[in-house]
Amino acid sequence: MPAGTLYRGREGMWSWVAHRVTGVLIFFFLFVHVLDTALVRVSPEDYDKVVATYKTPIVSLLEYGLVAAILFHALNGLRIIAVDYWTQGPRYQKQMFWTVMGLWIVLMLGAIYPVLGHAARVLFGS
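Predicted, not measured: the structure shown is a model, and the values here were computed from it. (Residues numbered from 1 in each chain as written. Predicted model: local features only at pLDDT ≥ 70, side-chain atom pairs only at ≥ 80, totals over all residues. Heavy atoms only, no water.)

Participant: Is there a simple way to think about the nonpolar core in this case?
Facilitator: If you look at soluble globular proteins, the nonpolar side chains tend to sit buried side by side. Within the largest apolar cluster, nine residues are counted, these being Tyr64, Ala68, Leu71, Leu75, Val100, Met108, Ala111, Val115 and Leu116. Sorting the residues of this core by element identifies α3 (57-85) and α4 (93-124) as the ones contributing at least two each. With five residues, the top contributor of residues to this core is α4. When neighbours within four sequence positions are excluded, Val115 is seen to be in contact with Ser60, Glu63, Tyr64 and Val67. (Core = buried A, V, L, I, M, F, W, Y, C linked by side-chain atoms within 4.5 Å. Buried < 20%, exposed > 50% of the residue type's maximum accessible area, 1.4 Å probe, protein only. Helix = DSSP H or I, 4+ residues; strand = E, 2+ residues; numbered from the N terminus. Contact = heavy atoms within 4.5 Å.)

Participant: Sorry if this is basic, but what is going on with the UniProt feature "transmembrane region" (unreviewed entry) in the chain here?
Facilitator: As recorded in UniProt, the feature "transmembrane region" (unreviewed entry) lies at residues 21-42, 54-75 and 96-116. What you have in residues 21-42 is 100% helix and 0% strand, and the ends, taken at the C-alpha atoms, are 32 Å apart. Annotated as 100% helix and 0% strand, the span residues 96-116 places its first and last C-alpha atoms 29 Å apart. (UniProt positions renumbered as here; feature names shortened; annotations may be inferred.)

Participant: What's the story with a nonpolar patch on the surface in this structure? I'm lost.
Facilitator: The grouping of Met13, Trp14, Trp16, Val17, Val21 and Leu25 at the surface amounts to a nonpolar patch, some 560 Å² of accessible area in total. Among the structural elements, Leu25 can be located in helix α1 (residues 9-42). (Patch = residues over 30% accessible without salt bridge, like charges linked within 9 Å, V, L, I, M, F, W, Y side chains within 5 Å. Areas by Shrake-Rupley, 256 points an atom, 1.4 Å probe, with all protein chains shown as cover. Salt bridge = Lys/Arg side-chain N within 4 Å of Asp/Glu carboxyl O.)

Participant: Hey, could you run me through the confidence of the model for the chain in this one?
Facilitator: Low-pLDDT portions of the prediction should not be read for the details of their coordinates. Mean pLDDT over the chain stands at 89; residues scoring 70 or higher make up 94%. For residues 1-5, every residue scores under 50 in pLDDT, and the model assigns this stretch three contacts once sequence neighbours within four places are set aside. (pLDDT = per-residue confidence, 0-100.)

Participant: Sorry, what's going on with the packing of aromatic side chains here?
Facilitator: Given two aromatic rings, their pairing is described by the distance between the two centres and the angle made by the two planes. Within the structure shown, the criterion is met by three aromatic pairs. Plain terms: the ring middles of Phe72 and Trp104 are 6.4 Å apart, the flat faces sit at 85° to each other, and that makes the pair edge-to-face. Of this pair, Phe72 sits in helix α3 while Trp104 sits in helix α4, and the two are 32 residues apart along the sequence. Here Phe72 falls in the buried class, since its relative accessible area comes to 6%. Both rings, one in Phe97 and one in Trp98, keep their centres 4.9 Å apart while their planes meet at 75°; by these two values the pair is edge-to-face. Among the residues examined, Phe97 registers a relative accessible area of 8% and is labelled buried. (Phe/Tyr/Trp six-rings, centres within 6.5 Å; stacked < 30°, edge-to-face > 60°.)

Participant: So what exactly am I meant to see when it comes to the packing of α1 against helix α2 (residues 44-53) here?
Facilitator: The axes of two packed helices give the description: the angle between them and the distance between them. Running from N to C, α1 and α2 cross one another at 145°; their axes reach a closest spacing of 6 Å. Residues Asp36, Thr37, Leu39, Val40 and Val42 of α1 form the contact with α2, whose participating residues are Pro44, Asp46, Tyr47 and Val50. Looking at side-chain class alone, the contact of α1 with α2 contains six nonpolar, one polar and two charged residues. (Axes fitted to C-alpha atoms, helices over the stretch in contact; angles between N-to-C directions. Nonpolar A, V, L, I, M, F, W, Y, C, P; charged D, E, K, R; others polar.)

Participant: Before we go on, may I ask you to explain the environment of Ala18 in this structure?
Facilitator: Locating Ala18 in the fold gives a position in helix α1. For the pair Ala18 and Ala69, spaced 51 residues apart in sequence, the C-alpha separation works out to 8.8 Å.

Shown next, in the form of structure tokens:
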């Protein structure tokens, strides 16, 4: 396979960029999560305050973004594995990209209520 085959075309370029960006965002979340969890041993009262802020609608939107990042990163990672290790992978990479995007959109639509339901109830009532 010639160099650059994996990321040829507009879809390949954007999937490459999105894969790196979502990886960095997930790493940042994990870093913050370790720090806030460690806070419980330093100051349980401050930990309780931090956890209370996680129940706000803005944080619910951030959680939805986290779900979006993790889901895209995982699905695109499976696509990259298929392109790298399946002999027909490079031939079908464009179709696999659009399959990943379609599956990602369907799953993100399914995640709206479980992730954002609490925020909607807080903002608009039960």
